[in-house]
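Results of the structural survey
Listed below, chain by chain, are the residues.
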Amino acid sequence: SNSFLDFGNMAEAKGAEILKKIEEQGEKVRTLKAANADAKEVEEAVAGLLKLKEEYKAVTGEDVPGAKKSGKGKKGDKAAEPAPAAAAAATATPAAAGPEGGEQPTGKAGKTKKGKAAAAAAPAEGGAAASPAASAEGGAEEPTSKRKAKAAEKAKEKEAAGEEDKVKEDFSFPAAEEEVLKYWASIDAFATSLKFSEGRPEYTFYDGPPFATGTPHYGHILAGTIKDVMTRYAHQTGHHVERRFGWDCHGLPVEYEIDKSFNIKGPHDVLAMGIANYNNECRKIVMRYSKEWRETVTRLGRWIDFDNDYKTMYPWFMESVWWVFKEMFAKGLVYRGFKVMPFSTALATPLSNFEANQDMKTVQDPAVTVSFQALDGDYSFLAWTTTPWTLPSNLALCVHPDVQYVLFHDKQRNAKFLCAKPLLKGKGCLYKEDDDSVEVLQEFVGRDLKDRKYKPLFPYFASRADHAFRIVLDTYVTTDTGTGIVHQAPGHGEDDYRVCLHHKIITNEDIPCPIDDCGRFTAEVPEFKGMYIKDADKEIIRTLKAAGHMFHETQVNHAYPHCWRSSTPLIRKTVDSWFVRVEGMRDRLMANNQQTYWVPSAIKEGRFHNWLAEARDWAISRNRFWGTPIPLWVSEDGEEIVCVGSIEELQRLSGRTDVTDLHRESIDDITIPSSKGKGVLKRVSQVFDCWFESGSMPYAQKHYPFENKERFEKGYPADFIAEGLDQTRGWFYTLLVIGTALFDRSPWKNLVVNGLVLAADGQKMSKRLKNYPPPDNVMHENGADALRLYLVDSPAVRAESLRFNQRGVQDLTKDVFLPWLNAFRFFEQNAKRIKEALGTTFSFDPAAHCQSANPFDRWILAYAQTLITFFHEEMRAYRLYTVLPRLLKFVDNLTNWYIRFNRKRLKGASGEDDAWNALWTLGEILLALSKLMAPVTPFFTEWVYQRLRPYLAAAQTSKWSNAQVLTWLGGSGLGSHTALFQQHGLTGADLLDLSHADLQSMGLDRCTDRKAVLRATAQLQAKEADTTRTINGVSEDDSVHFQMLPQPKAEYHDETIERAFEVLKRTIEAGRLVRDRKTLPVKVPLRECVVISKTATVPEDVALLGDYIKAELNVQALTVSNDASKYHVQLKVEPKTDILGPRLQKSMGAVSKELKELTQDQLEAFQKTGKITVAGHDLSLDDVLLTYDFAAGVDTTYSAHTDADILVLLNVAPTQEMIDEGIAREVVSRVQKLRKKAKLQPSDPVTVVVCVRKDDPSVNLTGVLASHGPYLTAALDNQPVVIGEPAADRKVLSEESQKLKAADFHLWLLAPQDA
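The following paragraphs examine the structure supplied in this document. Predicted model only: the values in this text are computed from it and were never measured. (Residues numbered from 1 in each chain as written. Predicted model: local features only at pLDDT ≥ 70, side-chain atom pairs only at ≥ 80, totals over all residues. Heavy atoms only, no water.)

1. What to know about the overall build of the chain
- What the chain contains, in helices and strands, is 46 helices and 42 strands.
- Across the 1315 residues in the chain, those meeting the buried criterion constitute 54%.
- Sequence separation of at least 24 residues holds for 76% of the intrachain contacts in the chain that already meet a minimum separation of 6.
- Accessible surface computed for the chain: about 56,400 Å², of which carbon and sulfur atoms make up 50%. (Helix = DSSP H or I, 4+ residues; strand = E, 2+ residues; numbered from the N terminus. Buried < 20%, exposed > 50% of the residue type's maximum accessible area, 1.4 Å probe, protein only. Contact = heavy atoms within 4.5 Å. Areas by Shrake-Rupley, 256 points an atom, 1.4 Å probe, with all protein chains shown as cover.)

2. Quick word on the side chain of Lys-931
- Secondary-structure assignment places Lys-931 in helix H32 (residues 912–933).
- The buried charged residue Lys-931 lacks any salt bridge, with Asp-1037 as its nearest oppositely charged partner at 7.7 Å.
- Each residue touching Lys-931, except ones within four places of it in the same chain, is listed here: Val-1040, Gln-1043, Met-1044, Leu-1045 and Pro-1046. (Lys, Arg positive; Asp, Glu negative; His and termini not counted. Salt bridge = Lys/Arg side-chain N within 4 Å of Asp/Glu carboxyl O.)

3. Some remarks on the environment of Met-1002
- Within the secondary structure layout, Met-1002 lies in helix H37 (residues 996–1002).
- On the accessibility criterion, Met-1002 (11% relative accessible area) is buried.
- Once residues within four sequence positions are removed from consideration, Met-1002 is found in contact with Leu-980, Phe-981, His-984 and Leu-986.

4. Concerning the pairing of strand E37 (residues 1198–1203)
- The pairing of E37 with strand E38 (residues 1206–1211) spans six bridges and is antiparallel. From the neighbouring strand, His-1201 faces E38, where its bridge partner is Val-1208.
- Connecting the antiparallel pair E37 and E38 is a turn made up of two residues, with Ala-1204 showing a positive phi of about 55 degrees. (Pairing = 2+ DSSP bridges.)

5. Let's talk about the packing of aromatic side chains
- Evaluation of the coordinates by the stated rule reveals 76 aromatic pairs.
- An angle of 45 degrees between the planes, with centres 6.0 Å apart, marks the rings of Phe-521 and Phe-528 as tilted.
- Their ring planes at 40 degrees and their centres at 6.3 Å tell us that Trp-731 and Phe-732 sit as a pair that is tilted.
- With relative accessibility at 0%, the residue Phe-732 sits in the buried group.
- Members of the aromatic cluster, connected to one another through ring pairs, are Phe-171, Phe-173, Phe-817, Trp-820, Phe-824, Phe-827, Phe-842, Phe-844, Trp-916, Phe-940, Trp-943 and Tyr-951.
- Seen from the ring of Trp-303, Arg-232 lies directly overhead, with NZ or CZ sitting 4.3 Å from the centre.
- The cationic tip of Lys-1065 hangs over the ring face of Tyr-863; the distance from NZ or CZ to the ring centre is 5.8 Å. (Phe/Tyr/Trp six-rings, centres within 6.5 Å; stacked < 30°, edge-to-face > 60°. Lys NZ or Arg CZ within 6 Å of the ring centre and 35° of its normal.)

6. Quick look at the nonpolar core
- Among the nonpolar cores identified, the biggest contains 137 residues, and Leu-787, Phe-804, Phe-827 and Phe-842 are the most heavily contacted of them.
- Core analysis: the second largest hydrophobic core is formed by 66 residues, Leu-589, Trp-618, Trp-633 and Ala-718 among them. (Core = buried A, V, L, I, M, F, W, Y, C linked by side-chain atoms within 4.5 Å.)

Next up, the structure:
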């Protein structure tokens, strides 16, 4: 298992595969051109060829063999373009960005001096990419045989040079991930991890089932990543976590696809086709994209069981759904009723109330104001509607009992009308404010109009005139828009139905609804029979105009609900449905919700709570065919109802013994003899709403209660679920309703809600608009780790919307993964260097204690323990949005602070013992980081872990050298015996059988000392004897994902050193800003840095780390003071108007004036306490900008920058000595850059030769080189530095002419004398 992956060979194999595709695509281009094919087709083929070539370069880091290298092609060709940023970021050159090439790493790894990504800017070997036009024609490419021969020859050269074991300089993160996937497959990693965790405490996770009738999108990937991160964390903290993938197989998404394929317009078409045939077609497409789902989820690095999945169409799953329903039925929670429901005419079925709001679209509809002729006088009531198609069903008009209404005369129309007074005149009203054609005749209160009668608009329901076509009262009427009079069509509106039922205009059994399930008028409305309602709008308007009832007609844009599956407008329609009584459960739903933990909590307390408070009875039946049939057998008169809860019960009641499937075609013909002499009972025709199935998933996935009863009940409720914000009215809601109905508790304990993922422009992602990059493309170009990190370190984990931008994914490769890779490579290079220097393989024991006294080692190890503590606290609280920023900050601290400052130590500049300690520290940090980041970025952490394994000393004591024994002594608190153990040359094998007599003979006289040593060696013996568990030849050490996450080591805890380093970083960053502002590069030495602070611990902190501050800021002196006035510096305050302006409004001027008048003492007190009262208003430091500035009229050589309680001053007046030192530093920098160009390793010895060709008094390069010889030698790692010309017989490795201001000089790098 120690032999892991050869990424160099892998990249070449991938490159060969792409070359084959390039050859085929090139042939296609030539064929199309020869055939004079359509220009667009040729253009698409050429684009495909160019994409393949970019892909080849991304994988191999080289141009396609034989392609032209210059930026010029044939005459008329466009200049070549560089590889896209995606490929440049994911396939990067670590050497250009890392600390191993000689120069200290920059603030952002991978950036050059000007801040551009070195990896992206560096041209491919040999020059620019080939001309697109020339490449497209294929003429510039070499024959395949020649290309293969050259590739083979190149591979042999590399092998001969001993480069096969190195990480390729052009490192492809996506290609590395592909190899990790292969490795996981070879050890069956996920299944093996579950075997290793058997017997641990169960951590229960429910995965909401998606439909496989579409491919996964970023919403799925985001939620899937959150689920994967949290379940990996649970596994790596000592839990057994079963993760099964589920599929939503029934319902509208599947049926809609079949309806489109077979041109099915309604239930009659399905019955003509045959339910069995129809369901068989549904069954065929249910898993249409399951392969794509599996590939995408696997490529994402998510560990979940596809082989032991659950599908809602499995008979055993459906049987548990029946059990759930029967439990609810037995509790009296199920009833049959008529209700006005959201209805999809495209799918011919009602939808749940929570489904109705899933797809709101802005549409344009007719808005008509219609006159209804009163029967008690010569006037008309005016009512407004945006659904003219409901007017033939009108049975009443509704007014608000307390609103003022007016009878008015329209002089132009010469007619009288009645409407609400607030809507008569003004903006958005019937008439403009200054319209004098209107005369108010009389005013009424709404209740005075009750029961006034009017003439029906249409004759279709005129027979109901004795109790209908009258004015009724209700407070739901508003005066926001319209006329204040609402027309009532009880078959098409919930309020209409409620109001008309209350006023006895209709009964529950008698509700006019002349619309069929496909949205067409029935024979009850003969004039429009068979016409679709929206098509009928125009005809109805025409009819009303002809009859003189059209007062006003216009168009209105408004949000309107659409079917979430078919994208067609929903209507409201009275339906006969089966309901679950939810309204009576509201209090229990809200109480059970309070027992759960949500991230973020605002969704639980706001959106979800409000939804529960207004929860309506749930229509769970659908007039469809492909679903779980509702298990109700009913007599013909509806009086006898039998609810069946299992297959066994159905067989027992029916006498049938052949029931194996529960779909309609298998059970619709089954009858149950009546126990009341009512003949036979037949099953109702409806099937369950698929949301009822997904809400039953906790029970049905286990086939509860028929199987796994004890295990289910032990793990219920789930420890964790997660889905998107849209599921607050979907899956979260149905889970809670069913869980409350069954067990009066929520079926989950902890819930994470993610926000929506939008396109970069803020619009909804659309395949039609192609406004987002396909997820598979992003993973191919940038890697899954970068995509995962981008998603979980985004506003989406706080339930906010994320505008997806691939540039953000690319930036993570450059800013996080490249520095991390470089940190490991630096560790690996110096571990090899130690082996060469000492003849001993470097190793460290992560379970032991590194005894280094170096402040940087102590800091990074202490900082890591604080991070580990924070990590566990926040992960246990499911707050990914706090965890990820801290982890990324840790990567920055490791690469841009620890390695930057300790580069020379790690290379042995302070001795090999110190280098060993530094390398132990770095190795331990890299291992801890790999484990902590493993749940988030599973691929790269696996890659790093596998390459760290050879350096882990645990359980290898018998192979330790004396040097390793001495290191162990220090790490075990036995460092006082180091000299004794070194004198006797004890090895690891000696440690394992040490005795009291042995130690006494060595001169260890005190019994307590001997006992302490033997206790420590006993632990080593136990480790050596303890064999790591192995399953099917796979060890628990074989994957980072089999490892437990690190716990904080108390011995590393050090608050003082952590605090001191925060002061160091803040001081250095403030100093850098001063240098930047004054355009003084760090190479230019400065006289003094002054750190001013009144915080008591700052002087102690600066004293501890002052040498590092001086070196980094390149200053000669460092002064600490608590008196800013000594340097003529004073505090200055300015209000943040963008914050205070909206809050203070008119008081802003007074506050600004008083702020300016605050004394220095007051400002210092404000700075210390963080709060102050100004002009009667309480302010905090967030409300103002508090800075330091020099007193007016003071002439100073200092420049200042402040960071909260720390003020940093730099004396920016240069001296000649400083200028000379800056020139010497620049020479060192030029040498290091030349080394990089020559591709020399840090350990490669060279002789540096510098020859001044032309000097200038302003530079005095000759004098500087003479006076700074010792500095140059030390800065270049003690490599020989010669001033003059090189000897003729010396081998030149690299040379280059240089210009430094007005001086010219030449640099040579020579091989060692004996090379």
